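Now for the letters of each chain:
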Amino acid sequence: MESPGASTRRARWLGAGCLAALVACSAPADSLVACSAPGESPDVEPGVLVITADRVFDGRGGVLEERGVVVHEGRISAVLPLADLPDAAPRLDFPGGSILPGFVDTHVHLDWHFGEDGRLARGAPPEQSALHAVENGIRMLEAGFTTIQSLGSPVDGPVRDIIARGVVPGPRIITSLGSLSARTGGPDAMRAEVERLANRGADAIKIFASESSRDGGGPTLSQEQLDAACGAARERGLRTLVHAHGPVSASRAAEAGCTTIEHGSLLDQATLDLLAERGLFFDPNTYLIVANYLEQKERYLGIGNYTEEGFALMEANIEGRMEVFRNGLATAELRVVFGTDAVAGAHGQNIREAFARVEQGGQAPEDLIVALTSLAAESLELEDEIGTVAEGYVSDLVVVEGDPAADVRALGEVRLVVRDGRLHWLRDPGS
Ligand SMILES: [Zn+2]
């Protein structure tokens, strides 16, 4: 049901904007305004769409006032002052809003979901997991996340490939398809497993080098095992994402030349310095993971290591995680990226991690936006394609209401998501 003022607000929000018929959209039909057909004007090429807002965050720390982003066939063809925009192009205006690069979450678990009994579904049939992965992907896309890295499950592969075909909406998916751990075996078995996953189409290699935080987070892999795993991945051109909570496991991963430390919830300053010195990325999952577990506790409790003791360990280190995050930000040259470790219940709420990093962790909103976009893209080796609003980049864009540099909560006020040039979602701000 619309409130009486909704259509007025929509008109104000969209201004005289038009939507090109080229744009595929999963939004409710009544939230779209269609005007000129593509190719109607001889001055404008078919497939061009202009999006304007009060400001454009370029994803690299720059803010451009009063600009329009020109999208053409999946790429950003220009970012121009309002006066220089092509007059006849279909156009969406967002007065009061901000345009940003599509958000990137470098650590999610795409297929985790609750079963029909409302509890964490472990060992669900793959077809069920795949469909939940699609649903989780849509939830994250609608929250502005146009790229996610899933660490990772076999069903991620077909979900990734189906979404990449461009019919089923979803974020760009990068996946490890599985993981290596102490159970994998010695160095030779590590190398063999990297080969197996690489041959099956893994985009990166996930390695468990420490216990879970619910089991204390101690090291579980030797230096030789990590050398073998990260070395074999490097030979295949694959990045390595190492689950490491404590200093020993993270230091071994740094020595082994791995790419990114995930979690690091117990890291000390010496280890943070080592990560910086060796050029590793640090992906602290600072807030959402534990907040979601505590909010959804009854749906996890009693399954695997989701015990009362495990929850107590996580709860006891909430401030410790935030402190490691703050120390990470203060560590010279350390690249701290945006990842949430979103599991069942957290998909689509990823941006709450951003709120906490700014409001509790003290990160400047401008720096948070860089970590969420271009820096996260760099950690995925996609910095030339995504994470930046500039000519030539893939047109992955998010429009939010308000100014996230003034109030980070604006990042949760998503109005439009463009993924690879396709407009996927547009919500009436009055609804
Ligand atoms: Zn994880």
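Computed from a prediction, not measured in an experiment: that's the story for all the values here. Just so you know, the residues in each chain are numbered from 1, in the order the chain's sequence is written. Only residues with pLDDT of at least 70 get local features here, since the model is predicted, and only at 80 or more are side-chain atom pairs given and counted; chain-wide, interface and lining totals rely on the full set of residues.

### Digging into the overall build of the chain
And step 1. Secondary structure elements are defined from DSSP: runs of H or I of at least 4 residues count as helices, runs of E of at least 2 residues count as strands, and each element is numbered from the N terminus. Looking only at helices and strands, the chain has 14 helices and 15 strands in total.
And step 2. Our contact criterion uses C-beta atoms placed from the backbone: two residues qualify when those atoms are within 7 Å. Taking the intrachain contacts of the chain between residues at least 6 apart in sequence as the baseline, contacts between residues at least 24 apart amount to 69%.

### Some details on the sheet that holds strand β6 (residues 145-150)
And step 1. Strand pairing is defined by DSSP finding a minimum of two bridges between the two strands. Spatial strand order, β5-β6-β7: 3 strands in an open sheet with parallel pairing. Since the sheet does not close on itself, it has two edges, and those belong to β5 (103-108) and β7 (172-175), each with one partner. Put simply, the sheet's adjacent strands are angled 15 degrees from each other on average, direction ignored.
And step 2. In this structure, β5 lies alongside β6, joined through 4 bridges in parallel fashion. The residue of β6 that forms the bridge with phenylalanine 103 is phenylalanine 145.
And step 3. In this description, a line fitted to the C-alpha atoms serves as the axis of each element, helices being fitted only across the stretch in contact, and the angle between N-to-C directions of two axes falls anywhere from 0 to 180 degrees. Against the sheet, helix α2 (residues 126-142) touches β5, β6 and β7, its axis set at about 135 degrees to β6.

### Thoughts on the packing of helix α12 (residues 352-359) against helix α13 (residues 365-372)
And step 1. At a minimum axis separation of 10 Å, α12 and α13 run at an interaxial angle of 145 degrees. The two elements α12 and α13 meet at a crossing, and its hand is right-handed. For the pair formed by α12 and α13, the contact residues are Ala354, Arg357 and Val358 on the first element and Pro365, Leu368 and Leu372 on the second.
And step 2. Residue polarity is assigned by list, with Asp, Glu, Lys and Arg as charged and Ala, Val, Leu, Ile, Met, Phe, Trp, Tyr, Cys and Pro as nonpolar; anything else, Gly included, falls into the polar class. Looking at the contact of α12 with α13, its residues break down into 5 nonpolar, no polar and 1 charged. Crossing chirality is assigned from the near helix's rotation relative to the far helix, an anticlockwise turn below a right angle marking it left-handed and a clockwise turn marking it right-handed.

### Describing the nonpolar core
And step 1. As used throughout, a nonpolar core is a set of buried Ala, Val, Leu, Ile, Met, Phe, Trp, Tyr and Cys residues joined through C-beta atoms within 7 Å of each other. Partly exposed residues are those whose C-beta has more than 12 but fewer than 20 other C-beta atoms within 10 Å; 20 or more makes a residue buried and 12 or fewer makes it exposed, with C-beta atoms placed from the backbone. Grouped together as the largest cluster of nonpolar side chains are 116 residues, with contacts concentrated most on Ile205, Ala229 and Ala253.
And step 2. When residues in this core are grouped by element, the largest group, 7 residues, is from strand β1 (residues 48-57).
And step 3. Delimitation of the domains relies on an automatic or database domain assignment. Counting only domains with at least three residues in this core, you end up with domain 1 (6-101 + 387-426) and domain 2 (103-379).
And step 4. Contact partners of isoleucine 205, with chain neighbours within four places excluded, come to Ser176, Leu180, Val194, Leu197, Ala229, Ala233, Leu238 and Thr240.

### Examining helix α5 (residues 223-235)
Counting along an α-helix, one turn takes 3.6 residues, and residues three or four places apart therefore face a common direction.
And step 1. Counted at 1.5 Å a residue, the expected span for α5 with its 13 residues is 18 Å, and the 18 Å between its end C-alpha atoms agrees.
And step 2. Where α5 is concerned, the buried positions are Gln225, Leu226, Ala228, Ala229, Cys230, Ala232 and Ala233.
And step 3. Close packing links the buried residues of α5 with α4 (187-199), β8 (204-208), β9 (239-244) and α6 (247-255).
And step 4. Count one or two residues on from α5 and you reach glycine 237, which has phi positive near 75 degrees. One fewer than the residue count of a helix, multiplied by 1.5 Å, yields its expected span.

### Observations concerning α6
And step 1. Counting buried positions along α6 yields 7 of 9 residues, so the element is predominantly enclosed.
And step 2. The set of residues buried in α6 consists of Pro247, Ser249, Ala250, Ser251, Arg252, Ala253 and Ala254.
And step 3. In the stretch just after α6, glycine 257 is the one whose phi turns positive, near 75 degrees.

### Observations concerning the sheet that holds strand β10 (residues 260-263)
And step 1. The strand order β8-β9-β10-β11-β12 describes an open sheet built from 5 strands, whose pairing is parallel. On the outer flanks of this sheet lie β8 and β12 (335-336), each paired with one strand and no other.
And step 2. One ladder, built from 3 bridges, connects β10 with strand β11 (residues 281-283); its direction is parallel. Bridging from a neighbouring strand, glutamate 262 pairs with aspartate 283 of β11.

### So, the confidence of the model for the chain
And step 1. The predicted model of the chain averages 90 in pLDDT, with 88% of residues at 70 or higher.
And step 2. Counted against residues more than four places away or in other chains, residues 1-40, with its pLDDT under 50, gives 64 contacts. Known as pLDDT, the predictor's per-residue confidence is scaled from 0 to 100.

### Details of the packing of α2 against helix α3 (residues 156-164)
And step 1. The N-to-C vectors of α2 and α3 enclose an angle of 50 degrees; their axes lie 9 Å apart at closest approach. Relative to α3, α2 is oriented oblique. Between α2 and α3 lies a crossing of right-handed hand. Listed contacts from α3 to Ala130, Ala133, Val134 and Gly137 of α2 are Asp156, Pro158, Val159 and Ile163.
And step 2. Residue classes in the contact of α2 with α3 are distributed as 6 nonpolar, 1 polar and 1 charged. An angle counts as roughly parallel when it lies under 35 degrees, as roughly antiparallel when it exceeds 145, as roughly perpendicular when it falls between 65 and 115, and as oblique in every other case.

### Observations regarding the environment of glutamate 378
And step 1. For glutamate 378, the location among the structural elements is in helix α14 (residues 374-379).
And step 2. The spatial distance from the C-alpha of glutamate 378 to the C-alpha of phenylalanine 281 is 9.5 Å, given a sequence separation of 97 residues.

### Regarding the environment of leucine 141
And step 1. Checked against the element boundaries, leucine 141 lands in helix α2.
And step 2. In this structure, the C-alpha to C-alpha distance between leucine 141 and arginine 419, residues 278 residues apart in sequence, is 8.4 Å.
And step 3. Sequence-distant contacts of leucine 141, that is, excluding residues within four places in its chain, are made with Thr146, Pro169, Gly170, Pro171, Val417, Arg419 and His424.

### Side note on unusual backbone geometry
And step 1. Despite not being glycine, glutamate 73 shows a phi value in the positive range, around 50 degrees.
And step 2. Located in the positive-phi region is aspartate 420, a residue other than glycine, with phi close to 55 degrees.
And step 3. On the basis of neighbour count, aspartate 420 is assigned to the partly exposed category, with 19 C-beta atoms found within 10 Å.

### Here we look at the pairing of β9
And step 1. For β9, a buried count of 6 out of 6 residues is recorded, marking the element as mostly surrounded by other parts of the structure.
And step 2. Burial along β9 is two-sided: the face carrying Arg239, Leu241 and His243 and the face carrying Thr240, Val242 and Ala244 are both buried.
And step 3. By convention, orient the strands away from the viewer: a clockwise path from the first strand over the helix to the second makes the crossover right-handed. On the question of chirality, the crossover connecting β8 to the parallel β9 by way of α5 is right-handed.
And step 4. Once you follow β9 into α6 and on to β10, the crossover reads as right-handed.

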